[in-house]
Amino acid sequence: MQKIKLLLVDDDRELTALLAEYLIFEGLSITIADNADQALIYLKAKNAFDIAIFDIMMPGKSGLELLQELRPAITLPVIMLTGKGDDIDRIVGLEMGADDYMAKPCNPRELLARIRAVLRRATTVNKTATANHDIQLMGVTLRPALRQVQVADTLLDLTSTEFNVLHQLMLAPGTVVTKSDLTEKVLHRPLTAYDRSIDVHLSRVRQKLALVIKDQDLIKTVRGEGYLFILDQQSGPAELSNV
């Protein structure tokens, strides 16, 4: 079985040594960078990483700045490490294209579970993509085999998670998909209290669609239930809201 190749970017050498020791024991291949500039050297040298972990708070360039520099040109899955309780950093990280987050100090076993979950949802989609047909709705074409979303002549720059969110909604147009279902199908974990990860990813999808489709919001929020991708006849019923 091929080893998972992980890039770990954190200036806390004691923590990286602890995490690396555990992850290597579990069969992963680990490359450690002490700062964002060193990480960029590894990434631009075409190292074939499967996933990366960025600490948000680092001297010099922060993990958020590193992520911003990479997206959307590099679609490598990224997990952000945040200071405990730093909700703003967590939300900003998700908005900028992170696939998941964990608060520090983190449990190595839980981190490994998160790594596998992020990679599982990417590989699961890739394995089944060729069996899925293209979806064309409301001027949006979603191509699972190519992992592309096109509106007119414009290709949208979506992260892997954003693509998966939109894919789930377009598989059931005109039908409410609950936040719980989206969280389980896209993030592969149960929805918990105060968990707004799916909301943040979905907000980013809306923003990117709105850059091209300026006169209509194709994704609606059904208060207390979930989200739906509209059909022509569902352009604005009273119970729907963009909140």
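You'll find the structure just up there.
Below, the structure is looked at part by part. Worth saying up front: this structure is predicted, and the values here are computed from it rather than measured. (Residues numbered from 1 in each chain as written. Predicted model: local features only at pLDDT ≥ 70, side-chain atom pairs only at ≥ 80, totals over all residues. Heavy atoms only, no water.)

1. Remarks on the overall build of the chain
The test is simple: Note on conventions: DSSP H or I runs of at least 4 residues are helices, E runs of at least 2 residues are strands, and numbering of each starts at the N terminus. Relative accessibility decides the category of a residue: with a 1.4 Å probe and only protein chains considered, values under 20% of the type maximum give buried, values over 50% give exposed, and everything between is partly exposed. In this description, accessible areas are obtained by the Shrake-Rupley approach with a 1.4 Å probe, and a residue is regarded as covered only by the protein chains that are shown.
Summing up its helical and strand segments, the chain has eight helices and 13 strands in all. Burial statistics for the chain: of 243 residues in total, 48% are counted as buried. Counting only carbon and sulfur atoms, one obtains 52% of the accessible surface of the chain, whose full area is about 12,400 Å².

2. What to know about the pairing of strand β2 (residues 29-33)
What counts is decided by this rule: Being paired, for any two strands, means DSSP has found at least two bridges between them. When the strands point away from the viewer and the path from the first strand over the helix to the second turns clockwise, the crossover is right-handed.
Summarising the sheet, strand β1 (residues 5-9) and β2 pair through five bridges and their orientation is parallel. The residue bridging lysine 5 from the neighbouring strand is serine 29, located in β2. Each parallel crossover has a hand, and the one from β1 via helix α1 (residues 13-25) to β2 is right-handed.

3. Here's the deal with the sheet that holds strand β3 (residues 51-55)
Backbone hydrogen bonds are what pair the strands of a sheet, in a parallel or an antiparallel way. Put simply, the rule is: Interaxial angles span 0 to 180 degrees and are taken between N-to-C directions of axes, which are lines fitted to C-alpha atoms, for helices over the stretch in contact. Contacts between residues were defined by any pair of non-hydrogen atoms, one from each residue, lying within 4.5 Å.
In space, the five strands of this open sheet follow the order β2-β1-β3-β4-β5, with parallel pairing throughout. The open sheet has two edge strands, β2 and β5 (100-104), and neither has a second partner. Neighbour to neighbour, the strand axes of the sheet diverge by 20 degrees on average, direction disregarded. In the packing of helix α3 (residues 63-70) onto the sheet, contacts are made with β1, β3 and β4 (78-83), and the angle to β3 comes to roughly 140 degrees.

4. Description of the sheet that holds strand β8 (residues 148-151)
Spatially, four strands are ordered β6-β7-β8-β9 in an open sheet, and the strand pairing comes out antiparallel. With partners counted over all chains shown, the strands left at the sheet margins are β6 (135-137) and β9 (154-155), one partner each. Bridging between β6 and strand β7 (residues 140-143) involves three bridges; their strand directions are antiparallel. Among the inter-strand pairings, glutamine 136 is bridged to a residue of β7, identified as threonine 141. Contacting β6, β7 and β8, helix α6 (residues 160-171) crosses the sheet at an angle of about 110 degrees to β7.

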